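# Fold and contact review
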Amino acid sequence: MTNTVNNGGDIYDRRESEARSYCRGFPTTFTAARGSELTDESGRRYIDFLAGCSSLNYGHNDPDMKAALIEHIAGDGLAHGLDLHTDAKAAFLRAFETHILKPRGMDHRLMFTGPTGTNAIEAAMKLARKSTGRSNIVAFTNGFHGVSMGALAATGNGYHRGGAGTDLGGGITRLPFDGYMDGFDSADLLEQMLTDNSSGLDAPAAIMLETVQGEGGLNAASPEWVARIARLAREHGALLIIDDIQAGCGRTGGFFSFEGMGFTPDIITMAKSVSGFGLPLALVLVRPEHDVMGPAEHNGTFRGNNHAFVTARIAIEKFWADDSFQRSVEARAKVVEDGLQKLAAMIPGARLKGRGMMRGVDVGSGQLAGDICGQAFENGLIIETSGPEDEVVKILAPLTTPDTVLRKGIDILLDAARTTIDGNQIAAE
Ligand SMILES: *Cc1c(COP(=O)(O)O)cnc(C)c1O
């Protein structure tokens, strides 16, 4: 196939819904992607610090995943199979059991939901409610769990909530996330409310949280806070749901974001990078005693994407059979941290956010963060913002990004910040 320069032109304006979003910040037409780089129709290359919002933790078009997928398709392997047993599914389940669940002593089962993260959240919430016979779910400020109605009710962001066009109140109690208010420990509040019969908090079916809030501004909860929430959940008969859709698959170092915190969640949701290749695949890990949905009770035509099973198996075998990948991620995280410290030093009051390879800088305003990202794009770097006011410049580079590319991307970012800050100073004079 030739890459004819077909220049999207105004086709997007004429025919693509106003709901489009990322494409507005990166106004070109992309034609190819490999590793940590994208190429557009003019042949210009960009370093990718967005990585499909952490859906491409292993980079674009990993050669081993690509080869396995091509072989599967060439051999007329199933593309769609509802939730029929297939060789691809069995091989993925075996790899997941061998390299992820068994070494961590986890007895969880895998429930394949519809292929989006939000559908995994819907299933997780339903499982918790059905298993406990309770309806209330505790969720936290700045949490992001997706935009279908149940998940949206648990999501904090007012812009997304506003899109619902109807009341979302049902069945969610909102509490402050760790660090939401300086010097205030919301685990104390939760404990008090769970214990006080007159607090008005209905006994929760589940407490649901991200250990690092990806969309909500890279707020990283302290391991002690998360462990305490886990303990409170257990003591009060609520299930702990960890939404690892963005923070999982190595983004914070380990395969799960809660590793080393001293507890195992009852339910874990995964999507984004679980296929390894950017293919749609979502799953819910659930302990057997809470695996209470009847056959097809949580239904879906696309439960278990066979192409994604093929690449997801390779991802597990290639990156998670031992701890060498995890150690390399930890080394890269240090490079990112050093770079972002330099960025923070340029801006009075700026703060480093996040954990692992899920890092950013709160630059204090959405305008400044957006201008820096816009300038970075001009200079060949794709990077986005996060947070309630989009005030956090957020690095989500593929975890496989070679050191040279990582450093080059960070240099572009720092240059972009310098240019933006200098431009603002000149404008102010
Ligand atoms: C992206 C995301 C979701 C929603 O996943 P979709 O595939 O976009 O529906 C849910 N939770 C977290 C933490 C996410 O980052």
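Small disclaimer: the values here were computed from a predicted structure and weren't measured. (Residues numbered from 1 in each chain as written. Predicted model: local features only at pLDDT ≥ 70, side-chain atom pairs only at ≥ 80, totals over all residues. Heavy atoms only, no water.)

## Quick notes on the domain arrangement of the chain
Our working rule: All the domain ranges listed were derived from an automatic or database domain assignment. Whether two residues touch is decided by their heavy atoms; if any such pair falls within 4.5 Å, the residues are in contact. When two parts are put together, the accessible area they lose, computed with a 1.4 Å probe and summed over both, is reported as buried area. One side-chain nitrogen of Lys or Arg within 4 Å of one carboxyl oxygen of Asp or Glu is enough to make a salt bridge.
Each assigned domain of the chain is listed with its residue range as follows: domain 1 (11–61 + 325–428) and domain 2 (77–319). Taken over C-alpha atoms, the centre of domain 1 sits 26 Å from the centre of domain 2. Each partner contributes residues to the interface: domain 1 has 31 residues there, and domain 2 has 30 residues. Across the domain 1/domain 2 interface, buried area totals approximately 2500 Å², and carbon plus sulfur atoms make up 52% of it. It is Y58, R355 and M358 in domain 1 that bury the most area against domain 2; as a group they hold 33% of the surface buried on that side. Along the contact surface separating domain 1 from domain 2 lie 1 salt bridge. Here K394 makes a salt bridge to E215, at a shortest N to O gap of 3.3 Å.

## Some details on the site of the ligand
Note the threshold: By convention in these notes, a residue is near a molecule or strand provided one of its non-hydrogen atoms lies within 4 Å of it. Polar contacts here mean pairs of N or O atoms no more than 3.5 Å apart (in protein, one a potential hydrogen donor and the other a potential acceptor; neighbouring residues in sequence count only if both atoms are side-chain atoms). When residues are sorted by character, Ala, Val, Leu, Ile, Met, Phe, Trp, Tyr, Cys and Pro go into the nonpolar class, Asp, Glu, Lys and Arg into the charged class, and all the rest, Gly among them, into the polar class.
Around the ligand, the surrounding shell consists of T116, G117, T118, F144, H145, G146, E210, D243, I245, Q246 and K272. A distance of 2.7 Å is found between a nitrogen atom of the ligand and a side-chain nitrogen or oxygen belonging to D243. One of the side-chain N or O atoms of K272 is found 2.7 Å from an oxygen atom in the ligand. Of the residues contributing to the shell around the ligand, the split by class is 2 nonpolar, 6 polar and 3 charged.

## Things to note about the pairing of strand β5 (residues 136–140)
Put simply, the rule is: Classification of residues uses two cut-offs on accessible area relative to the type maximum, computed with a 1.4 Å probe and protein chains only: under 20% is buried, over 50% is exposed, and between them is partly exposed. Secondary structure elements follow DSSP: runs of H or I no shorter than four residues count as helices, runs of E no shorter than two count as strands, and numbering proceeds from the N terminus. Strand pairing is defined by DSSP finding a minimum of two bridges between the two strands.
Counting buried positions along β5 gives 5 out of 5 residues, so the element sits mostly inside the fold. Neither face of β5 is open: one carries N136, V138 and F140, the other I137 and A139, and all of them are buried. Sheet topology note: the β5/strand β7 (residues 204–209) ladder contains 3 bridges and is parallel. Residue N136 lies in a different strand from β7, and its bridge partner there is P204. For β5 and strand β6 (residues 172–175), the ladder comprises 4 bridges, and the chain directions are parallel.

## Points about a nonpolar patch on the surface
Basically, it comes down to this: Patches here: salt-bridge-free residues with over 30% relative accessible area, like charges joined within 9 Å, nonpolar side chains (Val, Leu, Ile, Met, Phe, Trp, Tyr) joined within 5 Å. Residue burial considers only the protein chains on display, and all accessible areas are found by Shrake-Rupley using a 1.4 Å probe.
A cluster of nonpolar side chains, contributed by L78, L82 and L84, occupies part of the molecular surface with about 270 Å² of accessible area. Along the chain, L84 falls in the loop between α4 (63–74) and α5 (87–101). Residue classification places L84 among the exposed positions, given a relative accessible area of 52%.

## Structural notes on the packing of α4 against helix α11 (residues 306–319)
The condition is simple: For helices, the fitted line uses only the C-alpha atoms of the stretch in contact; every axis is such a line through C-alpha atoms, and the angle between N-to-C directions lies from 0 to 180 degrees. In this scheme, a crossing is called left-handed if the near helix is turned counterclockwise away from the far one by less than a right angle; it is called right-handed if the turn is clockwise.
Two elements in contact, α4 and α11, have axes separated by 9 Å at closest approach and are oriented at 145°. At the point where α4 passes α11, the crossing takes the right-handed sense. Touching D64, M65, A68, L69, H72 and I73 of α4 are N306, H307, V310, T311, I314, A315, K318 and F319, all from α11. When its residues are assigned to classes, the contact of α4 with α11 shows 8 nonpolar, 4 polar and 2 charged.

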